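# Commentary on secondary and tertiary structure
The primary structure of each chain is shown beneath.
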Amino acid sequence: MTMRTAVGLMSGTSADGVDVALIRSDGVWKIEAGAAGTYPYSAGQRDDICACFGRPAATDAAIAAVTEAHRSALAKFLAQEALDANSVDWVGFHGQTIFHDPDQATTVQIGDAQALADATGLPFVSDFRSEDMRQGGQGAPLAPLFHAALSCKNLGKCVRPRAVLNLGGVANVTWIGGQEESDAVETLPLLAFDVGPASALIDDFMSRRTGQMMDWNGQTAAKGTIQHDRVAAWMKDPYFAQAPPKSLDRNTFLADVEDLSIEDGAATLTAFTVATVKAALDWMPIAPVEWQVSGGGRRNGTMMQWMASALHVPVLPVEAFGWNGDALEAQAFAWLALRVADGRPTSIPGTTGVSSPTVGGKLHWPA
């Protein structure tokens, strides 16, 4: 299988900017991570985008903001790495999710991939989620096959069950079974689903109450007192009793802590995330012996500490395993772009609930 160069572009539900990552891969087991960078949205771009969250349609301003932010980020990245159009085979463009309702088989990622292909002279892959939903899947999460490929590079040999937990705006987990071998990553024993809210509720709360974008390192939560009764009430939501596959919109949970102090509110929302991760164990065939954590939440020291205490096994940032936690999702969509180009599955029943292994994505050739 031929090694090729791909770039992934990802903006998660935290909507803080565009992650760009370069990989060399055959779209299966061989994955060589390259350079990566993050390019923040401007305040105006973020305002235009966030105004569309929770709505099934975007404004022209939001679409233009996402498209321009990605064009600029990619241009800066290629210039910094001294790469031109002849150096890159494919670009995987996730777009910005503004709405996700699996019950209605609807998911909306905005940004004009064809305009990006025309502007850059590079072939793009976009719209990774729609085909999965058309085939009965949740449309999310889509990174699990990549997580499995990274974790089981030795031709699919996984010697023990582990979990890869992405703490973005929403938390999602990939459970990877052990003592199995496979020639194809899509036949590994996998289970994946959205766990619950991660950083989105905390970020939004901190923004409203302090003007800060997040609770830096969980310092505010560490000073607060958890309102356990509220966490227990939130955990009674039917979502947590629903068996996977399942996925969430960024705004599914609107946990109310406005009457609490800033410290107690941050502590209670952080404890909610920890509780949802612990509850995810109920759906796993065997409890993981370790958790590999990516996403911005891995930098929240309070959340990571509380999670390790709740799970009673190592909970470590993916850097401890030689991965780049800031680039992981962008790398995933670079890898998925290669799979779409090759006609290989991007989701399977165990990851999204799709009826059979499904190839998502739409190809865009530059004019």
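Please refer to the structure placed before this passage.
Here is a short report on the structure shown in this document.

About the cut-offs
- Residues numbered from 1 in each chain as written.
- Predicted model: local features only at pLDDT ≥ 70, side-chain atom pairs only at ≥ 80, totals over all residues.
- Heavy atoms only, no water.
- Helix = DSSP H or I, 4+ residues; strand = E, 2+ residues; numbered from the N terminus.
- Buried < 20%, exposed > 50% of the residue type's maximum accessible area, 1.4 Å probe, protein only.
- Contact = heavy atoms within 4.5 Å.
- Areas by Shrake-Rupley, 256 points an atom, 1.4 Å probe, with all protein chains shown as cover.
- Lys, Arg positive; Asp, Glu negative; His and termini not counted.
- Charge placed at Lys NZ, Arg CZ, Asp CG, Glu CD.
- Axes fitted to C-alpha atoms, helices over the stretch in contact; angles between N-to-C directions.
- Parallel < 35°, antiparallel > 145°, perpendicular 65-115°, else oblique.
- Nonpolar A, V, L, I, M, F, W, Y, C, P; charged D, E, K, R; others polar.
- Pairing = 2+ DSSP bridges.

## Notes on the overall build of the chain
Along the backbone of the chain there are 12 helices and 12 strands. With respect to the principal axes defined by its C-alpha atoms, the chain has extents near 55 × 50 × 40 Å. Taken across its 367 residues, the chain has 56% of its residues classed as buried. Residue pairs in contact within the chain that sit at least 24 positions apart in sequence constitute 70% of those at least 6 positions apart. Carbon and sulfur atoms make up 50% of the accessible area of the chain, which amounts to about 14,400 Å² in all. Between the mean site of the 26 positive side-chain charges and the mean site of the 40 negative ones, the chain shows a separation of 3 Å.

## Remarks on the packing of helix H6 (residues 199–210) against helix H9 (residues 262–280)
Packing of H6 against H9 leaves a shortest axis separation of 9 Å and a crossing angle of 170 degrees. By the criterion of interaxial angle, the relationship of H6 to H9 is roughly antiparallel. Contacts between H6 and H9 pair Leu-201, Ile-202, Phe-205, Met-206, Arg-209 and Thr-210 from the former with Ile-262, Gly-265, Ala-266, Leu-269, Thr-270 and Phe-272 from the latter. Classifying every residue of the contact of H6 with H9 gives 8 nonpolar, 3 polar and 1 charged.

## With respect to the pairing of strand E7 (residues 162–167)
Sheet faces and side chains relate simply in a regular strand, where the side chains alternate between the two faces. Burial runs high along E7: 6 of the 6 residues are buried. Because side chains alternate across E7, one face comprises the buried residues Arg-162, Val-164 and Asn-166, and the other comprises Ala-163, Leu-165 and Leu-167, equally buried. Inspection of the sheet shows E7 paired to strand E8 (residues 170–176) by 6 bridges, in the antiparallel sense. In the sheet register, Arg-162 faces E8, and the bridge partner there is Ile-176. The hairpin turn running from E7 into E8, its antiparallel successor, is 2 residues long. The sheet contact formed by E7 and strand E10 (residues 291–294) spans 4 bridges and is parallel. The residue of E10 that forms the bridge with Leu-165 is Val-293.

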